[in-house]
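Secondary and tertiary structure notes
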Amino acid sequence: MKVCVVGIGYVGLVTAGCLAEAGNHVICVDNDEKKIEGLKKGIIPIYEPGLGEIVQRNEKVKRLEFTTDLKRGVDNSSIIFLAVGTPSSPDGSADISSVLSVAADIAKLMPDYRIVVTKSTVPVGTHKKVAEVMSANTSKPFDYVSNPEFLKEGSAVEDFMSPDRIIIGTPKDSVRQIMKQLYNSFMRKGNRIIFMDSTSAEMTKYAANVMLATRISFMNEIAGLCEKMGADVESVRMGIGSDSRIGRAFLFPGIGYGGSCFPKDIRALIYTGNQQKYEMKMAMAAQEANKISQERFAGRICDYFKGKGKDIILAVWGLAFKAKTDDVRESPAVSCINKLLECGIKIQAYDPEASETAKALLGEKIEIMDDGYDVLDNADGLIILTEWQEFRNPDFETIVKKLKKPVVFDGRNLYDLDVVKKAGIEYHSVGRPAVK
Ligand code: NAD
């Protein structure tokens, strides 16, 4: 099939690459000239495991092309995906101006019938606004599909290639059949395409993200109580996760959720509820609990180092909002660092992939280094903020040798309490007894 994807970010590039890998011809359109020029030279603008190979392979055989020219994409495709950003507005609502302006431009450029598909996360009811704006700009026929994306950064290619489910929101059977044909090659493991109306499809995306965020907040709240009562949240996690009604996923306690989706989608759903004079109390509680968990971890560190000298320097492992991504948007690691800086603590940090993105966000406020062990030099302690695989089995001997005092605050519960005890480390984690 001939497909166009507009908005070549985390979602758009993965969507385009994977659709091309399945044999479709895909034109990628973005208004960021630098990004498109880079992609034409084979430079992948984000870190996402497996993505580089797919993009380079498909570009070579000309199934994938990159342009800033929307007309080229619209002229040469029958299905156009919108994957542009929908960031939070100051009032918490999702800013869908890019979605609407691209939809209007597509309408003006359409030579004849097109299917326009939204992959961006858009508030319930956006399909009506897109249809309105397109109708106002063309007399040509079109159909609109709401196709929210559920991929996770860090495993986005795998998630796209083998999704748990695909949601297709359109009432029209002929369009459902075309979308089914496009997605069939990703459905070979018995996973399902679920068809529904556009309103329900838009709601499904928000309901999924807010439920997942709520689960994280709930576990973090339990972890806080475990700390007070001397329970071990990791035992509790195993205990409840083995209940098939609960399941094991998304129960890991830590420093709170972050990233480019959960915080903004929670804000948007609360806003939508308010617009309907319907308070989203669970979503509000999850948001509040998340803020508390983020502040609580940083607060514990500030309290610990208070009065222990003027020039406290801490080594930090991890800046990305989670492992296997370079994304630092609303990263809880960054919130924690900002709070530590407010406490007058100096930070020298390392992240395997997020140095550049973090530099763009934090500037000169912290020192970012290229080696995880170099950051330990002259540091009064080590703080772990992202659960990268390479942090899971470190050289404890070197950690102990290099730190001024072997104190580790682990916001991701990476280590067995017995192991750190044996290594001679004073260890503070989340929801577990301290090791001293
Ligand atoms: P992103 O910021 O990485 O990418 C958006 C891209 O759109 C950028 O390259 C930007 O230059 C481009 N763009 C913006 N306006 C444009 C325009 N007018 N014309 C052409 N290009 C334009 O964003 P993302 O993380 O890929 O998210 C995109 C959407 O997908 C959001 O709605 C997000 O909520 C949703 N989503 C994201 C994820 C995720 O894990 N990142 C997962 C599921 C859904």
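Now for a look at the structure at hand. It should be emphasised that the depicted structure is a prediction, and the values quoted were computed from it without experimental measurement.

Quick look at the pattern of salt bridges
Counted by the stated rule, this structure contains 25 salt bridges. Taking the shortest distance from any N to any O, the salt bridge between D143 and K172 comes out at 3.1 Å. Residue D143 is located in strand β6 (residues 142-146), and its partner K172 is located in the loop between β7 (165-169) and α8 (173-183); the two are separated by 29 residues in the primary sequence. On the accessibility criterion, D143 (11% relative accessible area) is buried. Note that D377 is salt-bridged to K402, the shortest N-O span being 3.2 Å. Separated by 25 residues along the polypeptide, D377 in the loop between β11 (367-368) and β12 (381-384) and K402 in helix α15 (residues 396-402) bring together distant segments of the chain. Judged by relative accessible area, which is 31%, D377 ranks as partly exposed. Using a relative accessible area of 28% as the deciding quantity, one classes K402 as partly exposed. Each of E153, D327 and R329 takes part in a single network of salt bridges with overlapping partners.

Remarks on the pairing of strand β1 (residues 2-6)
The buried fraction of β1 is high, at 4 of 5 residues. Pairing of β1 with strand β2 (residues 25-29), which is carried by 5 bridges, proceeds in the parallel orientation. Residue V5 lies in a different strand from β2, and its bridge partner there is C28. Bridging between β1 and strand β4 (residues 79-82) involves 4 bridges; their strand directions are parallel. When the sheet's bridge partners are listed, V6 is paired in β4 with L82.

Description of the site of the ligand
Taken together, 26 residues sit near the ligand, with D30, K35, T86, E153 and K264 positioned nearest. In this structure, an oxygen atom belonging to the ligand sits 2.9 Å away from a main-chain N or O atom of T121. K264 places a polar side-chain atom, nitrogen or oxygen, 2.6 Å from an oxygen atom of the ligand. Looking at the shell around the ligand, the elements with two or more residues in it are α1 (10-21) and α5 (97-109). Grouping the constituent residues of the shell around the ligand by class yields 9 nonpolar, 9 polar and 8 charged. Domain assignment of the residues forming the shell around the ligand places at least three in each of domain 1 (2-196) and domain 2 (214-428).

Notes on the packing of aromatic side chains
Geometrically, a pair of aromatic rings is defined through the distance of the ring centres and the angle of the planes. Under the definition given, this model contains 15 aromatic pairs. Seen in terms of ring centroids, F297 and F409 are 6.4 Å apart; in terms of plane orientation they differ by 75°. Their pairing is edge-to-face. In this pair, F297 is assigned in helix α12 (residues 281-305) and F409 in strand β13 (residues 407-410), connecting sequence segments 112 residues apart. Ring plane angle 20° and centroid distance 4.9 Å describe the contact between W317 and F391, whose orientation is recorded as stacked. With W317 in strand β9 (residues 313-317) and F391 in the loop between β12 and α15, this pair connects stretches of sequence that are 74 residues apart. Side by side, W317 and F391 carry an identical accessibility label, which is buried.

Looking at unusual backbone geometry
In the Ramachandran plot, K62 falls in the positive-phi region, its phi being about 60° despite a non-glycine side chain. With respect to the helices and strands, K62 occurs in the loop between α3 (51-60) and β3 (64-67). For K62, a relative accessible area of 63% puts it in the exposed group. Phi angles above zero are rare outside glycine, and K324 is one such case at about 65°. Among the secondary structure elements, K324 is positioned in the loop between β9 and α13 (332-342). On the basis of relative accessibility, which here comes to 43%, the residue K324 falls in the partly exposed class.

A closer look at the packing of helix α9 (residues 198-229) against helix α11 (residues 262-275)
It is at 9 Å that the axes of α9 and α11 come closest, and there the two elements cross at 115°. Classified by chirality, the crossing of α11 by α9 is left-handed. Contacts between α9 and α11 pair M203, K205, Y206, N209, V210, L212, A213 and I216 from the former with F262, D265, I266, A268 and L269 from the latter.

Criteria and thresholds
- Residues numbered from 1 in each chain as written.
- Predicted model: local features only at pLDDT ≥ 70, side-chain atom pairs only at ≥ 80, totals over all residues.
- Heavy atoms only, no water.
- Salt bridge = Lys/Arg side-chain N within 4 Å of Asp/Glu carboxyl O.
- Helix = DSSP H or I, 4+ residues; strand = E, 2+ residues; numbered from the N terminus.
- Buried < 20%, exposed > 50% of the residue type's maximum accessible area, 1.4 Å probe, protein only.
- Pairing = 2+ DSSP bridges.
- Near = heavy atom within 4 Å.
- Polar contact = N/O pair within 3.5 Å; in protein donor to acceptor, adjacent residues only side chain to side chain.
- Nonpolar A, V, L, I, M, F, W, Y, C, P; charged D, E, K, R; others polar.
- Domains from an automatic or database assignment.
- Phe/Tyr/Trp six-rings, centres within 6.5 Å; stacked < 30°, edge-to-face > 60°.
- Axes fitted to C-alpha atoms, helices over the stretch in contact; angles between N-to-C directions.
- Left-handed = near helix turned anticlockwise from the far one by under 90°.
- Contact = heavy atoms within 4.5 Å.

In short, shape yes, function no, at least from these values alone.
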